[in-house]
Each structure stands twice: as structure tokens, then as C-alpha cells.
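Listed here are the chains, written in short residue letters.
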Amino acid sequence: MRTWLLTAPRWVHRVVSGVLFGGLMTVFHGVQDGNSWTAAVLAGLVAGTFFGLVMGSWSYRTARGTQAAIGELSPRERRAAARASWRGDVPGDPAVRGAAVRMIDHQLALYLPLRAFTVVVGVLLLAGYVVAALVSSPWWALAAVCWAGMVALSLLAPRRLRRRRALLTGAPALS
């Protein structure tokens, strides 16, 4: 997790989301046969703008919720808590350990209500991109791989987070 985004303003979330997605869309459309790079750049600008507005706002709200959950920490402590929420040794500092547990609880609260929806939509999109890769262009296989990763993350992340929470708190893990 990029902890500097936790305290970034909304416009930064929108720009980061838009630039990343728009850049990917530009490259994706540019490498396809028959597409000009001018059209690819325009497609990337349009896609990045809309994606940045929507997902940047979602990212901002999520970051604000995470920031509220972990409380006031120094940037170094925030990074340590974020790292501890996912991997590594159990932090010795109780404030960092508590923030990591609260971060995990917040992540689980985000994942679990949307888990079934995410898996169903992800599998449908994955199937669509596999078909597109078979009948249209092999480049669509890259999108299929991305969606396969998203589906796997949706299925595996909650269990991993629960195990990590149990390790941090010393409590038994719940399935």
C-alpha cells in the first residue's frame, strides 16, 4: 500500500488513477494492429479522465477511511503499520501493531460485502477477455490475466488478512 496516498488530496487520487489507467489504455490501443498512436493517445486521455474521476474519488474515500481507522501516526509508523498488515514480523510498537490490526479490519470491511459481486463480475469479464483474445487479438489475453489476478485476490485476500490479524493479535484465526 502506498501510504503517501492516505493523506493526499482528492485531486491527487484522481490524477494518479487517471494517469495510470490512461497510460495503460494508450499502450494497449497503440500496440493493437491497425490503430494509430494518435487514436491511442486520444483513447487513453478519454479513458484516463473518466477512470480518474470515478476511481480517484473511490480511492480517496477508501484512503480517508483507512486513515481514520489507523489514527494519527508519523509517516514512518504508517508505512510500518501498512507493511505489518500484510507481511513481515510482528511490530514491537503497540501503536503500530494496533494500527495494523485496524487497517486489516478496515480492509476486511471493504472486501467482504463486495466479495461475491467482485468474483462474479470478475469471472464474467475474464471469460469475455479470453474469448476476445481467441477471436480478435492476443493482446486481450493481458486483460484476461489482470482479471484472473483480481478474481484470485478477491478469493484469497480475506483469508490471508484474517490469518495476519490473528498473528498480530495472538488470537486464533477465523475462517
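The structure this text deals with has already been given above.
These remarks concern the structure in this document. None of the values given here were measured: they were computed from a predicted structure.

## What to know about the overall build of the protein chain
The helix and strand tally for the protein chain stands at 5 helices and 0 strands. In the protein chain, the succession of helices and strands from N to C terminus is α-α-α-α-α. Taking the principal axes of its C-alpha atoms as reference, the protein chain extends roughly 60 × 35 × 25 Å. Across the 175 residues of the protein chain, 34% fall into the buried class. Long-range pairs, those at least 24 residues apart, make up 65% of the contacts in the protein chain between residues at least 6 apart in sequence. By element, 69% of the accessible surface of the protein chain is carried by carbon and sulfur atoms, the whole surface being about 10,500 Å². Of note, the protein chain has its 19 positive side-chain charges centred 4 Å away from the centre of its 6 negative side-chain charges.

## Details of the side chain of Thr26
Here Thr26 is to be found in helix H1 (residues 10-31). Classification of Thr26 as buried rests on a relative accessible area of 16%. If we ignore the near neighbours within four places in the chain, the residues touching Thr26 are Trp37, Ala40, Val41 and Gly44.

## Side note on the packing of helix H3 (residues 75-84) against helix H4 (residues 94-135)
Look at H3 against H4: their axes get within 8 Å of each other, and the N-to-C directions meet at 55 degrees. As judged from the angle between their axes, H3 and H4 are oblique. Between H3 and H4 lies a crossing whose hand is right-handed. For the pair formed by H3 and H4, the contact residues are Glu77, Ala80, Ala81, Ala82 and Ala84 on the first element and Val96, Ala99, Ala100 and Met103 on the second. Counted by class, the contact of H3 with H4 contains 8 nonpolar, no polar and 1 charged residues.

## Observations concerning the packing of H1 against helix H2 (residues 37-70)
One way to put it is that H1 packs onto H2 with a least axis distance of 5 Å and a crossing angle of 145 degrees. In this structure, H1 meets H2 at a crossing whose hand is right-handed. Each residue belonging to the contact of H1 with H2 can be placed in one class, and the counts come to 14 nonpolar, 13 polar and 2 charged.

## A short note on the side chain of Ser85
Assignment of secondary structure puts Ser85 in the loop between H3 and H4. Judged by its relative accessible area of 2%, Ser85 falls in the buried class. Polar contacts involving the side chain of Ser85 include one to the main-chain carbonyl oxygen of Ala82, which spans 2.7 Å. Sequence-distant contacts of Ser85, defined by excluding residues within four places in its chain, comprise Ala100, Met103, Ile104, Gln107, Leu161, Arg164 and Leu168.

## Some points on the pattern of salt bridges
Summed over all chains, the structure comprises 1 salt bridge. Asp105 serves as the salt-bridge partner of Arg165, at 2.5 Å between the closest nitrogen and oxygen. Of the two residues, Arg165 sits in helix H5 (residues 140-169) while Asp105 sits in helix H4, which places them 60 residues apart along the sequence. Asp105 gets classed as partly exposed once you look at its relative accessible area, which sits at 31%.

Calculation criteria
Residues numbered from 1 in each chain as written. Predicted model: local features only at pLDDT ≥ 70, side-chain atom pairs only at ≥ 80, totals over all residues. Heavy atoms only, no water. Helix = DSSP H or I, 4+ residues; strand = E, 2+ residues; numbered from the N terminus. Buried < 20%, exposed > 50% of the residue type's maximum accessible area, 1.4 Å probe, protein only. Contact = heavy atoms within 4.5 Å. Areas by Shrake-Rupley, 256 points an atom, 1.4 Å probe, with all protein chains shown as cover. Lys, Arg positive; Asp, Glu negative; His and termini not counted. Charge placed at Lys NZ, Arg CZ, Asp CG, Glu CD. Axes fitted to C-alpha atoms, helices over the stretch in contact; angles between N-to-C directions. Parallel < 35°, antiparallel > 145°, perpendicular 65-115°, else oblique. Left-handed = near helix turned anticlockwise from the far one by under 90°. Nonpolar A, V, L, I, M, F, W, Y, C, P; charged D, E, K, R; others polar. Polar contact = N/O pair within 3.5 Å; in protein donor to acceptor, adjacent residues only side chain to side chain. Salt bridge = Lys/Arg side-chain N within 4 Å of Asp/Glu carboxyl O.

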